[in-house]
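Single-letter residue listing:
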Amino acid sequence: MIHRFEVDGVPALHAPRPGRTTAGLVFRVGSADETLARAGITHLVEHLALHRSGVQVHRFNGATGQLHTHFLLEGDDQEIRSFLRCVCESLTALPMDRLETEKAILRTEEAGRGAGAAEATGLWRYGAQGHGLVSYPEWGVPGLDPQTVQHWADTWFTRENAVLWVAGERVPDGLRLPLRPGRRMPAPQPTSALPETPAYFAAGQGQVLFDTVLPRTAAADLYTACLDRELFQDLRQDGGLSYTAGADHAHRGDGVLTVTALADALPEQQDAVLGGFVDVLARLAVAGVDPDTLDALRRRADAAHTAPDTDAARLPGCAADLLLDLPVRSLDEIRAELAAVTAEDVRTVAQQALGNGLLRVPAGRRADWAGYQAAPLHSVAAVEGNRHRSREAGGPDLVIGRAGVSLVREGEAATVRYDACAAYLAWPDGGRRLIGTDGICVEVEPGCFAVDAHTLAGIDAAVPYHAYVRMPPRAAPARPSRSGPAGGPGAGAGAGTAVRSSPAQLAVNMVLTLVAGLFLLFALGGALGADDESRGDPVYWGVLVVAAGIAAALLRSVWRRSRPRRA
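Below or above, wherever it landed, is the structure these notes cover. Every chain begins its residue count from 1, and numbering advances along the sequence as written. Two thresholds apply to this predicted model, a pLDDT of at least 70 for residue-level local features and 80 or more for giving and counting side-chain atom pairs, whereas whole-chain, interface and lining totals are computed over all residues. Side-chain metrics in this entry use all non-hydrogen atoms of the structure; hydrogen atoms and water are not considered.

## Things to note about the overall build of the protein
Here comes step 1: Along the protein, the regular secondary structure elements total 15 helices and 22 strands.
Here comes step 2: When a residue's accessible area, from a 1.4 Å probe over protein chains only, is under 20% of the maximum for its type it is buried; when over 50% it is exposed; and in between it is partly exposed. Counting across all 567 residues of the protein, residues that qualify as buried make up 47%.
Here comes step 3: Counted over contacts in the protein with a minimum sequence separation of 6, partners at least 24 positions apart contribute 74%.
Here comes step 4: Accessible surface, the protein as shown: approximately 26600 Å² in total, 55% of it carbon and sulfur. The way it works is that DSSP assigns letters per residue, a run of H or I at least four long becomes a helix, a run of E at least two long becomes a strand, and they are numbered from the N terminus. The criterion used for residue contact is that any of the two residues' heavy atoms lie within 4.5 Å. The method behind every accessible area is Shrake-Rupley, applied with a 1.4 Å probe, and residues are considered shielded solely by the protein chains displayed.

What follows is the structure, given as structure tokens:
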């Protein structure tokens, strides 16, 4: 049973559990509450608040998520009392003498952090704001000053915006939580960078990734388990196409479940894995799940709810729900909802999942053949203003206007308006990067365009101050991380720079053209020189058609190799 109580005005939860006591203090603030230009400020507060706890025998930690920040500890009663009081006192007066040291630690932590599914799809689904910020570096950290950091802590890390939980034989006596008064902060409204779903984008190699959002229900839990089972069965066991194939879910934090499915593939099997992956998603949406399979998955899920210490394990999630005004349900309620789920319920959820889906396919692949719409790489329109030609052949033109900046080429544009600029990165060498709240990125590189200091100063003055991020010196402009006809969401510095074919590529193209010409001459010669007997022979014409097809394929390959592309 979960017992509710209060400590110094902070709501608290307790569940009995034998052994050492674990306690956690949860605040309703995370990376989704930040802006891109100040990304990392919550994480920095978490590090500073933990510093005074020092090197202890007991185990303590902190974690910053998208909507919640967590401080937790395992120890005896005295250790828990000391830890919680120390964290709360630090939050009211952060140790600013540690500010630059903790900034360096955060940069080191970020450099060693791998990109997960949320990082891969966040900016495509949400843009460069809210839940999409998980896709971006913590660019705001280097420029944060003591006043800004303390103000953030005073606003978000308050008594009314916190919940305590304790798992142990008893609640330690004498707990104190000396926090500043404040107010409960609602979750940010989810944003969208997708005009329609299901959608897809191409990036990376070796993996197919699917992401969707669903209401947090028992039916969604069982759908995830079913998707995990079917992907593993089809792509790993039966097809032998993937080593890792499965699905999992995570609570987004606002009553919504984010379901992620992934399958890896060798280069020569990427098309087969993509096809099998799409088939599994469609099959569950059309045919649903077999009742016997559903019952087996239900029994496995129910067994997890009857395990020892289940209530204690649920405490961090219950505390997070309480901060979002979501109901804290009993195990009996959860199990009853699970028992009531039908096969038709799971099929309905599968249809919702498919309709809300975002699919990442390997670079060079498409998914429009399966009914997925391409996620937008460019903007609806360009701004009006002065046009600056690219110094590179085939590169986009840069348009700088009163309302914003655009890269334009062949009727397509990537535009960032000043009033919708999420971050404006400025390097000492004159390089500039504007990132819109929709994730669209525009690079202004003096080496790529004839842009003088006066023009750059005009952009600097037009961008809102709160979006400005001063970047440290760089050795060279970064390469693009995502390409599009003129510059898409998340593109890096130098986007739009044309790359010419190398001499080796030109030689290969010449050989392919010559071979294609021989096949084409063979096909044309055979068709024009056929005698009466050959004209009636289907095998004869079949050979000519194959030869013509080979010629067409080779010429298409030459054309694709010869097209200008961006670095």
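## Some words on the sheet that holds strand β16 (residues 412-417)
Here comes step 1: Pairing in this open sheet of four strands is antiparallel, and the strands run β13-β14-β15-β16 from one edge to the other. The open sheet is flanked by β13 (385-388) and β16, the only strands paired with a single partner. Within the sheet, the average angular offset between the axes of one strand and its neighbour, ignoring direction, is 20°.
Here comes step 2: Both β13 and strand β14 (residues 397-401) contribute to a ladder of four bridges, which runs antiparallel. Pairing of Gly385 across the sheet is with Gly401, part of β14. We call two strands paired when DSSP finds no fewer than two bridges between them. Between N-to-C directions, angles span 0 to 180 degrees; the directions come from axes that are lines fitted to C-alpha atoms, helices contributing only their stretch in contact.

## Some thoughts on the packing of aromatic side chains
Here comes step 1: Think of it this way: a Phe, Tyr or Trp ring, Trp meaning its six-membered ring, pairs with another when their centres are within 6.5 Å, and the plane angle makes it stacked under 30 degrees, edge-to-face over 60, tilted otherwise. Tallying each qualifying case throughout the model produces seven aromatic pairs.
Here comes step 2: Ring geometry for Trp124 versus Phe201: centroids 4.0 Å apart, planes at 10°, classification stacked. Here Phe201 lies in strand β7 (residues 199-202) and Trp124 lies in helix α4 (residues 117-126), a separation of 77 residues in the sequence.
Here comes step 3: Accessibility expressed as a relative area gives 7% for Trp124, which makes it buried.

## Some details on the nonpolar core
Here comes step 1: The term nonpolar core refers to a set of buried residues drawn from Ala, Val, Leu, Ile, Met, Phe, Trp, Tyr and Cys, joined through side-chain atoms within 4.5 Å. Formed by 41 residues in total, the largest nonpolar core has its most connected members in Tyr223, Leu227, Leu231, Phe277 and Leu359.
Here comes step 2: Where this core is concerned, the elements lending two or more residues are β8 (207-215), α6 (218-238), β9 (245-251), β10 (256-264), α7 (270-286), α8 (291-305), α11 (343-355) and β11 (358-361).
Here comes step 3: Here the element with the most residues in this core is α6; it accounts for nine residues.
Here comes step 4: Excluding residues that lie within four positions of it along the chain, Phe277 makes contacts with Val208, Phe210, Leu231, Leu235, Ala261, Leu262, Ala263 and Leu359.
Here comes step 5: Among the nonpolar cores identified, the runner-up in size contains 38 residues, and Ala23, Ala49, Cys88 and Phe157 belong to it.

## Considering the pattern of salt bridges
When charged atoms on two side chains of opposite charge get close, those side chains can pair.
Here comes step 1: By convention in these notes, a salt bridge is any Lys or Arg side-chain nitrogen within 4 Å of a carboxyl oxygen on Asp or Glu. Scanning the entire structure with this criterion turns up 31 salt bridges.
Here comes step 2: For the salt bridge of Asp77 with Arg170, the shortest nitrogen-to-oxygen distance reads 2.9 Å. Note that Asp77 is positioned in helix α2 (residues 77-92) and Arg170 in the loop between β6 (162-167) and β7, a separation of 93 residues in sequence.
Here comes step 3: A residue is classified by how much of its surface remains accessible, and Arg170, at 48% relative accessible area, is partly exposed.
Here comes step 4: Because the salt bridges share partners, they merge into one network encompassing Arg229, Glu230, Asp234 and Arg283.

## Some words on the environment of Leu338
Here comes step 1: Among the secondary structure elements, Leu338 is positioned in helix α10 (residues 331-340).
Here comes step 2: For the pair Leu338 and Asp221, spaced 117 residues apart in the sequence, the C-alpha separation amounts to 8.8 Å.
Here comes step 3: Once you skip the residues sitting within four places of it in the chain, Leu338 turns out to touch Ala218, Leu222, Arg298, Ala301, Asp302 and His305.

## Some details on helix α12 (residues 453-462)
Here comes step 1: All of the buried residues along α12 are Thr455, Leu456, Ile459 and Asp460. Buried residues of α12 fall within an arc of 145° about the axis and therefore sit on the same side. Facing away from the buried side of α12, by more than 90 degrees, are the exposed residues His454 and Ala461. Here the arc refers to the directions that run from the helix axis out to each C-beta atom.

## With respect to the side chain of Thr415
Here comes step 1: With respect to the helices, strands and loops of the structure, Thr415 is situated in strand β16.
Here comes step 2: In protein, a polar contact requires one atom able to donate a hydrogen and another able to accept it; more generally it is a pair of N or O atoms within 3.5 Å, and residues adjacent in sequence count only if both atoms are side-chain atoms. At 2.7 Å, the side chain of Thr415 and the backbone oxygen of Ala381 are in polar contact.
Here comes step 3: Side-chain polar atoms of Thr415 contact the side chain of Ser406, separated by 2.7 Å.
Here comes step 4: In contact with Thr415, not counting residues within four places along its chain, are Ser379, Ala381, Ala382, Val383, Val405, Ser406, Ile440 and Val442.

## What about the packing of α6 against α7?
Here comes step 1: Contact geometry for α6 and α7: axes closest at 10 Å, N-to-C directions at 145°. For the pair α6 and α7, the crossing hand works out as right-handed. Residues Tyr223, Cys226, Leu227, Glu230, Leu231, Asp234 and Leu235 of α6 lie in contact with α7, whose contacting residues are Val273, Gly276, Phe277, Val280, Leu281, Arg283 and Leu284.
Here comes step 2: The residue makeup of the contact of α6 with α7, split by class, is ten nonpolar, one polar and three charged. Note on convention: the crossing is left-handed when the near helix lies turned anticlockwise from the far helix by less than a right angle, right-handed when the turn is clockwise. In this classification, Asp, Glu, Lys and Arg are treated as charged, Ala, Val, Leu, Ile, Met, Phe, Trp, Tyr, Cys and Pro as nonpolar, and every other residue, Gly included, as polar.

## Things to note about a nonpolar patch on the surface
Here comes step 1: Patches in this entry comprise residues that are over 30% relatively accessible and not in a salt bridge; like charges within 9 Å are linked, as are nonpolar side chains (Val, Leu, Ile, Met, Phe, Trp, Tyr) within 5 Å. Nonpolar side chains collect at one region of the surface, where Val515, Phe519, Val546 and Ile550 lie side by side and expose about 280 Å² of accessible area between them.
Here comes step 2: Of all elements in the fold, only α13 (503-528) and α15 (538-562) reach the threshold of two or more residues within the nonpolar patch.
Here comes step 3: Counting through the fold element by element, Val546 comes out in helix α15.
Here comes step 4: Owing to a relative accessible area of 52%, Val546 belongs among the exposed residues under this scheme.

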